[in-house]
Amino acid sequence: MNKRSQAHLALFSTSIIYAATFTIAKSIMPSLIAPYGFIFVRVVIAGLLFWLLACLPAYRQPIAKKDWPRFLLCGVFGVAINQLSFFKGLSYTTPIHASLMMLTTPICVTIIAAFLIREKITQLKVIGLLCGVSGALLLIMMAEQKGGIATNIMLGDALVFLNAVSYAYYLVIVKPLMVTYKPAVVNRYVFTIGFFLILPFGFNEFTQIPWETFQTSDWLAVGYVVLIATFLTYQLSVFALNILSASTVGAYIYLQPIFAALIAIVFFGETLTVTKVVSAILIFSGVYMVSYKPKAKLKHS
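Scope of this entry: the structure provided in the associated data block. Predicted model only: the values in this text are computed from it and were never measured. (Residues numbered from 1 in each chain as written. Predicted model: local features only at pLDDT ≥ 70, side-chain atom pairs only at ≥ 80, totals over all residues. Heavy atoms only, no water.)

1. Thoughts on the overall build of the protein chain
Looking only at helices and strands, the protein chain has 12 helices and zero strands in total. Helices and strands appear in the protein chain in the N-to-C order α-α-α-α-α-α-α-α-α-α-α-α. Every one of the 301 residues in the protein chain was classed for burial, and the buried ones make up 51%. Relative to all contacts within the protein chain whose residues are 6 or more apart in sequence, the contacts with residues 24 or more apart total 92%. (Helix = DSSP H or I, 4+ residues; strand = E, 2+ residues; numbered from the N terminus. Buried < 20%, exposed > 50% of the residue type's maximum accessible area, 1.4 Å probe, protein only. Contact = heavy atoms within 4.5 Å.)

2. Digging into the packing of aromatic side chains
In this description, an aromatic ring pair is defined by two values, namely the gap between the centres and the angle between the planes. Throughout the structure, instances matching the rule amount to 21 aromatic pairs. With centroids separated by 5.3 Å and ring planes inclined at 75°, the aromatic side chains of Phe38 and Phe87 adopt a geometry described as edge-to-face. Highlighted residues: Phe38 in helix α2 (residues 35-53) and Phe87 in helix α3 (residues 68-92), separated in sequence by 49 residues. For Phe87, a relative accessible area of 0% puts it in the buried group. Arranged with centres 6.1 Å apart and planes meeting at 75°, the rings of Phe71 and Tyr189 form a pair that is edge-to-face. Residue Phe71 is located in helix α3, and its partner Tyr189 is located in helix α8 (residues 183-207); the two are separated by 118 residues in the primary sequence. Each member of the pair, Phe71 together with Tyr189, is buried. A connected cluster of aromatic rings, assembled from ring pairs, spans Phe40, Phe195, Phe196, Phe203, Phe206, Trp211, Phe214 and Trp219. The side chain of Lys88 reaches across the aromatic face of Tyr36, ending 5.0 Å from its centre. Across the ring face of Trp51, the terminal group of Arg188 is positioned such that the distance to the ring centre comes to 5.3 Å. (Phe/Tyr/Trp six-rings, centres within 6.5 Å; stacked < 30°, edge-to-face > 60°. Lys NZ or Arg CZ within 6 Å of the ring centre and 35° of its normal.)

Next up, the structure:
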């Protein structure tokens, strides 16, 4: 398997993981863990794991002085604003609404990349973006909302949208660092910077978490969000960014709603409808068109 195929497989896996995260995180937040307290746990443990990798010589790399401002921006947008706004927003709104708002990420990535790094927006890419958004909107808007805790959907949706914009900006500005540094090195310093930024928001809520009341399922939910949906996915995402364009990475957000539907079918007995099939076709077609790169023509002498 070549590097490009590995990058797409990494993004495919990340989409499945994130699709489950909406529901898993919502199952214990805010009922057991306040959103900022959850973020504190997430960033601290994931950051420690990234630093443990530094014990291995292969994951050690000095940082050039000129790159520190970019690392700082990545910490602000890739960890602090991104996670604070997402978890707070998810605590107010429903998983369905949150996944809908996250669909703005690839659009934001494409626009930001066009302005900052002059990434070309082709006609096929525009069609792909519209196709993917249409499929995801069809899936979400036609789905039945069966209950759920939502105390302020409008505010929650606005915060998740802020998260989407922040994450889109992060995907664009972190890409140059991927050229020079290993993914684990980038994540180590981005999470370290992010930790100090979220410390004033999350520490107090962290101290109020009633750990003694946790059931096995609650511990598994925390472990999933911290180890799988944070440590593993950040590694997979930065690996993919080193090979694929920022807009291609962002386009994989389209897969999350369809995977969320599949998870619901397998674990909660929902049925496979025509709407879901049509949505899947539109979403996969959109991802293909956004990531498609024509082969260079061979020159004949």
